[in-house]
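For reference, the chains in residue letters:
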Amino acid sequence: MFADLTPLRTSPDFRRLWFGTSVTWVGQGMTALAISLQVYDITRSSFSVGLVGLCSLVPLVVFGLYGGAIADTVDRRKLGLVSSTGLAALSAVLAVAAFAGFDRVWFLYAIVALQAVCVALSSPARSSMIPRLMPAEQLRAANALNSMTTTFGTLVGPSLGGLVVGLSGYQSAYLIDAIAFSASLYAMWRLPAMPPERAAGADGGKRASVLDGLRFLGTRPNLRMTFFSDFCAMILAHPRALFPAIAVLWYGGDARTTGLLVAAPAFGALLGGVLSGWQGRIHHHGQAILLSVAAWGTAIAAFGLTRNLWLGLCLLVVAGYSDTVSMIFRNTMLQVAAPDEMRGRLQGVFIVVVAGGPRLGDFLAGSVADLASPAVAITGGGLACVLAIGLLGLYGKGFRRYDGRAPVA
């Protein structure tokens, strides 16, 4: 049942990268919370804090595709080093500004936007390197381990950030984050050179094109289905924007109740990585994705019907677990079924979907809740997700038959 640790045992490069990424995610979680707290401290405006997310989202969506194209053109190790160095430098700049008492909101917004650009460059390069560090049969286990680092950082980073800011100020949180990047930079430095592997007869000097990547995706129905299935979950059944309202309306709670509702799917996502050992026996990855997305939608629909807080939290944990299972198999399909020269661009599309899908889901859920009610938005969205993924399953016969032992894009 527990996570397969084989990639950590057999690949020293992956082990160093995994540890460095884990430390970096915690540090970035600290900085993200510290920036939000500092913006609120300066403005006393929740709207201004909300703009922090927008300053991050727009560069991620805009530069995500281009970051993938760059990762398919240059040495991915160098791109990862440069972008990670940029993130470390930005955290150091935040620390220096905080020590100097420079508290301008526009400055914090600019830093957040630049951080998003660096992430848009770093993530495709980092994800594209993983298949080069181990055999294909270990990629599913590696993705499960990587999901744990992301979720752990999301859970622990903000908690530590709040503690550090409360004890010694914003400058300490930013400084710790800048120092934490040393683990990731060291891991990246020890990697071998990783230029994209070109197909026989391909022009090695040609710059990778975003449009070529999208055209390639247009001819690969199974890879397209991985994105469509994620859209079903993240757009149709994503109730996060309604948590503050239902914490009060349904459970008679307050901000602490909202915190529990936000933490429950994250805890389920962490369990999805920790309890991922059984996934190694699953070879039909397409079926696993369809079933896990349907489980997400069912859990969200049931959550919309309950008014018992603890039952609701358990359903959100189930939803978070199902989402991680889907993510692990979707990422593995992208890494295995796509040629190396296209992996960066597909990971760029993955970033855009992951960054943009939940925001569209927030907008849809909020709109339906205003027009009808939160219950209609949540339960109706969950049922719509189940229906949509069922229709995709009926349409995608090749996706249902996809076998990880003989991958076909």
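Residues numbered from 1 in each chain as written. Predicted model: local features only at pLDDT ≥ 70, side-chain atom pairs only at ≥ 80, totals over all residues. Heavy atoms only, no water.

Turning next to the overall build of the protein. The number of helices and strands found in the protein is 16 helices and 0 strands. Whereas a compact globule of 409 residues would reach a radius of gyration of roughly 22 Å, the protein reaches 21 Å, a difference of no more than 12%. Overall, the protein is about 60 × 55 × 40 Å in size when its C-alpha atoms are taken along their principal axes. Expressed as a percentage of contacts within the protein between residues at least 6 apart in sequence, the contacts between residues at least 24 apart total 86%. Distance between charge centres in the protein, computed from 30 positive and 19 negative side chains, equals 4 Å. (Helix = DSSP H or I, 4+ residues; strand = E, 2+ residues; numbered from the N terminus. Rg over C-alpha atoms; globule rule 2.2 N^0.38 Å. Contact = heavy atoms within 4.5 Å. Lys, Arg positive; Asp, Glu negative; His and termini not counted. Charge placed at Lys NZ, Arg CZ, Asp CG, Glu CD.)

Each aromatic ring pair is characterised by the separation of its centres together with the angle its planes make. In total, this model carries 6 aromatic pairs according to the counting rule given. An angle of 85 degrees between the planes, with centres 5.3 Å apart, marks the rings of Phe-102 and Phe-107 as edge-to-face. Ring geometry for Trp-250 versus Tyr-251: centroids 6.3 Å apart, planes at 80 degrees, classification edge-to-face. Within the aromatic cluster, the residues linked to one another by ring pairs are Phe-243, Trp-250, Tyr-251 and Phe-303. (Phe/Tyr/Trp six-rings, centres within 6.5 Å; stacked < 30°, edge-to-face > 60°.)

Turning our eyes to something else, we now look at the packing of helix α6 (residues 139–168) against helix α11 (residues 255–274). At a minimum axis separation of 8 Å, α6 and α11 run at an interaxial angle of 150 degrees. The angle between the axes of α6 and α11 places the two elements in the roughly antiparallel class. With respect to the hand of their crossing, α6 and α11 are arranged in left-handed fashion. Contacts between α6 and α11 involve Ala-144, Ser-147, Met-148, Thr-151, Phe-152 and Leu-155 on the former and, on the latter, Ala-263, Ala-266, Phe-267, Ala-269, Leu-270, Gly-273 and Val-274. (Axes fitted to C-alpha atoms, helices over the stretch in contact; angles between N-to-C directions. Parallel < 35°, antiparallel > 145°, perpendicular 65-115°, else oblique. Left-handed = near helix turned anticlockwise from the far one by under 90°.)

Among the nonpolar cores identified, the biggest contains 56 residues, and Leu-223, Ile-246, Leu-261, Trp-296 and Phe-303 are the most heavily contacted of them. When residues of this core are traced back to their parent elements, those giving at least two are α8 (210–218), α9 (221–236), α10 (243–249), α11, α12 (285–303), α13 (309–337), α14 (340–371) and α15 (374–395). Looking at this core, the element that brings in the most residues is α13, giving 13 residues. Leaving out residues up to four positions away in the same chain, Trp-296 has contacts with Ala-233, Met-234, Ala-237, His-238, Ala-319, Gly-320, Ser-322, Asp-323 and Cys-385. Counting residues in each nonpolar core, the second largest holds 25 residues, with Val-52, Ala-88, Ala-97 and Val-165 among its members. (Core = buried A, V, L, I, M, F, W, Y, C linked by side-chain atoms within 4.5 Å. Buried < 20%, exposed > 50% of the residue type's maximum accessible area, 1.4 Å probe, protein only.)

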